[in-house]
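If you want the building blocks of each chain, they are given just below.
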Amino acid sequence: MPPPPEAAGRVRRFSRPVRWVHRATAALMLTCVATAACLYVPQLAELVGRRHLVVTLHEWSGLLIPVPLLAGLSARSLRADLGRLNRFGPHDRQWLRAVRRRDHRPASRPAGKFNAGQKLYAAWIAGAVLVMAGTGLLMWFTGLAPLMWRTGATFVHDWLALAIGVVLGGHIAMALADPEARRGMRTGSVERRWARREHPLWREPG
């Protein structure tokens, strides 16, 4: 039997429900972004073809994005992490000031389980998903609103989709630059040294 994470100098960071919610949401989000690219980029549209199937995948993946989170709310660990993401403190403002000054010293960027950048990303992407769902429904069900509203919804949907693609690209790039953070989301545990360096205010479980 393998030793527990703590015995190997590791600490539990994410529970299994949190990891599954993240994976399912990421899969739906990437499907939504990929199908959107196939619909709006002529070269991709010509390469992929089958526009009706791509539209169907795009619509349903977009509608299903909130489902993993809603299903995961039954897990106490997920609710606890959402509570941490929703709280800003003085250390978060200090973290943001250090980012603006490009101060990379660990001491200048205090963070709990989630740093201020992760909290802002979570809040922004949650709001963006709600706006995309609302505008997408107006575009899908044409009888819900007059033409002027649908035109505005299309404008917001298209430009917000581009912003989401850029932000997601940044999120993925930062994850690729931090193998231990990826390992934490993949396996649930991280090195204790990494946790103390990157998230010094996080009270480790146990």
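Structure report, in brief. (Residues numbered from 1 in each chain as written. Predicted model: local features only at pLDDT ≥ 70, side-chain atom pairs only at ≥ 80, totals over all residues. Heavy atoms only, no water.)

Residues Arg-93, Arg-97, Arg-100 and Arg-101 make up a contiguous surface patch of positive charge. Secondary-structure assignment places Arg-101 in the loop between helix 6 (90–100) and helix 7 (116–140). Arg-101 sits in the exposed class, given a relative accessible area of 52%. (Patch = residues over 30% accessible without salt bridge, like charges linked within 9 Å, V, L, I, M, F, W, Y side chains within 5 Å. Areas by Shrake-Rupley, 256 points an atom, 1.4 Å probe, with all protein chains shown as cover. Salt bridge = Lys/Arg side-chain N within 4 Å of Asp/Glu carboxyl O. Lys, Arg positive; Asp, Glu negative; His and termini not counted. Charge placed at Lys NZ, Arg CZ, Asp CG, Glu CD. Helix = DSSP H or I, 4+ residues; strand = E, 2+ residues; numbered from the N terminus. Buried < 20%, exposed > 50% of the residue type's maximum accessible area, 1.4 Å probe, protein only.)

With that out of the way, let us pick up the state of the cysteines. Summed over the entire model, instances satisfying the criterion amount to zero disulfides. Cys-38 supplies the cysteine sulfur nearest to Cys-32, a cysteine that is in no disulfide, at a spacing of 12 Å. You can call Cys-32 buried: its relative accessible area is 13%. (Disulfide = S-S within 2.5 Å.)

Formed by Leu-28, Met-29, Cys-32, Ile-65, Ile-125, Ala-128, Val-129, Met-132, Leu-160, Ile-164 and Leu-168, the largest nonpolar core amounts to eleven residues. Element by element, the count of residues in this core is highest for helix 7, at four residues. Apart from the residues within four sequence positions on either side, Leu-160 is in contact with Trp-124, Ala-128, Val-131 and Met-132. Counting seven residues, the second-largest nonpolar core is a separate cluster that includes Phe-14, Val-21, Ala-75 and Leu-78. (Core = buried A, V, L, I, M, F, W, Y, C linked by side-chain atoms within 4.5 Å. Contact = heavy atoms within 4.5 Å.)

Let us look at the packing of aromatic side chains. Going through the model one piece at a time under the given rule, you end up with four aromatic pairs. With a centroid separation of 5.7 Å and an interplanar angle of 85 degrees, the aromatic rings of Trp-60 and Trp-140 are classed as edge-to-face. Here the residue Trp-60 occupies a position in helix 3 (residues 51–64), and Trp-140 occupies one in helix 7, the gap between them amounting to 80 residues. Taking relative accessible area as the criterion, Trp-60 reaches 46% and is therefore assigned partly exposed. (Phe/Tyr/Trp six-rings, centres within 6.5 Å; stacked < 30°, edge-to-face > 60°.)

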